Amino acid sequence: RRFEYIIKNESIVFIDDYAHHPVELERFLKSVRKIYPGKIITVIFQPHLYSRTQDFAGEFAQSLNIADKVILIPIYPAREKPIEGVSSKIIFDKISVEKYLYEKGELLEKIKDIKTDILLTVGAGNIDAMVKPIKNIFVEKDPEGLI
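Residues numbered from 1 in each chain as written. Predicted model: local features only at pLDDT ≥ 70, side-chain atom pairs only at ≥ 80, totals over all residues. Heavy atoms only, no water.

A. Highlighting the packing of aromatic side chains. Under the defined criterion, the tally for this structure stands at four aromatic pairs. With a centroid separation of 5.4 Å and an interplanar angle of 75°, the aromatic rings of Phe3 and Phe28 are classed as edge-to-face. Of this pair, Phe3 sits in the segment before strand 1 (4-8) while Phe28 sits in helix 1 (residues 22-35); the two residues are 25 residues apart in sequence, bridging distant segments of the chain. The partly exposed category is assigned to Phe3, whose relative accessible area is 26%. Between Phe45 and Phe60, the aromatic rings sit 5.2 Å apart at their centres with planes inclined by 40°, giving tilted as the arrangement. Placement of Phe45 in strand 3 (residues 41-45) and of Phe60 in helix 2 (residues 50-64) is noted, with a sequence separation of 15 residues between them. (Phe/Tyr/Trp six-rings, centres within 6.5 Å; stacked < 30°, edge-to-face > 60°. Helix = DSSP H or I, 4+ residues; strand = E, 2+ residues; numbered from the N terminus. Buried < 20%, exposed > 50% of the residue type's maximum accessible area, 1.4 Å probe, protein only.)

B. Quick look at the pattern of salt bridges. Summed over the entire model, instances satisfying the criterion amount to six salt bridges. In this structure, the salt-bridge partner of Asp17 is Arg2, at a minimum N-O distance of 3.4 Å. In this pair, Asp17 sits in strand 2 (residues 13-17) while Arg2 sits in the segment before strand 1, placing the two residues 15 residues apart along the sequence. Here Asp17 falls in the buried class, since its relative accessible area comes to 4%. Its relative accessible area of 47% is what places Arg2 among the partly exposed residues. When the shortest N-O distance is used, the salt bridge between Glu26 and Lys30 registers 2.8 Å. Note that Glu26 and Lys30 are positioned in helix 1 at a spacing of four residues, about one turn of the helix. (Salt bridge = Lys/Arg side-chain N within 4 Å of Asp/Glu carboxyl O.)

C. A look at the side chain of Ser63. Take Ser63: it is sitting in helix 2. When residues no more than four places from it in sequence are discounted, the contact partners of Ser63 are Pro22, Leu25, Glu26 and Leu29. (Contact = heavy atoms within 4.5 Å.)

D. Layout of the side chain of Thr121. On the secondary structure map, Thr121 appears in strand 6 (residues 118-122). Side chain to side chain, Thr121 and Asp16 meet in a polar contact 2.7 Å long. Setting aside its immediate chain neighbours within four residues, Thr121 contacts Phe14, Ile15, Asp16, Asp17, Ile44, Ile127, Val131 and Ile134. (Polar contact = N/O pair within 3.5 Å; in protein donor to acceptor, adjacent residues only side chain to side chain.)

E. View of the pairing of strand 2. Among the five residues of strand 2, five are classified as buried, and the element is accordingly described as predominantly covered. Looking at chain direction, strand 1 and strand 2 are connected through four bridges and run antiparallel. Note on strand 2: the bridge partner recorded for Lys8 is Val13. The antiparallel hairpin formed by strand 1 and strand 2 contains four residues in its connecting segment. (Pairing = 2+ DSSP bridges.)

F. View of the packing of helix 1 against helix 2. For the pair helix 1 and helix 2, interaxial distance at closest approach is 9 Å and the crossing angle is 5°. When the axes of helix 1 and helix 2 are compared, the pair comes out roughly parallel. Contacts between helix 1 and helix 2 pair Pro22, Leu25, Glu26 and Leu29 from the former with Phe56, Glu59, Phe60, Ser63 and Leu64 from the latter. Among the residues making up the contact of helix 1 with helix 2, the classes are represented as six nonpolar, one polar and two charged. (Axes fitted to C-alpha atoms, helices over the stretch in contact; angles between N-to-C directions. Parallel < 35°, antiparallel > 145°, perpendicular 65-115°, else oblique. Nonpolar A, V, L, I, M, F, W, Y, C, P; charged D, E, K, R; others polar.)

G. Spatial organisation of the nonpolar core. Judged by nonpolar contacts, the single largest core of 24 residues is most densely connected at Leu64, Ile91 and Leu120. Elements represented by at least two residues in this core include exactly strand 2, helix 1, strand 3, helix 2, strand 4 (69-72), helix 3 (89-92) and strand 6. Here Leu120 is in contact with Ile15, Phe28, Leu29, Val32, Ile41, Thr42, Val43 and Ile44, once residues within four sequence places are set aside. By size, the runner-up hydrophobic cluster in this structure holds 18 residues, among which are Ile7, Leu107, Ile114 and Ile127. (Core = buried A, V, L, I, M, F, W, Y, C linked by side-chain atoms within 4.5 Å.)

Read these as layout, nothing more, since geometry by itself doesn't imply function.
See below:
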């Protein structure tokens with residue numbers, strides 16, 4: 001799951017990546033920005049681990065600000081128990097670009113009408129389970145435009 005093209009056509013480019021640390025996320029987003037200058041980039045990010053989110057909330061927000069639009073979904077806890085006061089919202093509050101905070105279950109409905117050139121799913125949690133359903137949304141819009 002590194003820079004994996006899911007859809008690449010004239011309507012939309014959809015890329016999935018495993019980045020789950022602020023430095024990885026920054027490098028990934030800067031690469032996308034360099035490859036697709038002038039395009040609207042929307043990133044759907046699932047933070048991985050409560051402790052990492054708590055420790056790097058500011059750095060995550062700074063990296064995510066490279067995109068034009070940011071959609072955050074809840075933290076994937078992996079092996080951790082929740083930490084009081086730690087959620088995706090602590091990153092969300094620090095983001096300065098257009099931003100949305102959705103529950104995972106409402107994501108598919110919310111992105112149906114998204115206006116973007118480049119769509120990215122990013123994270124080490126179970127966001128990869130959303131890739132196929134997200135792809136299906138865009139395939140329905142443009143069935144001839146598959147890579």
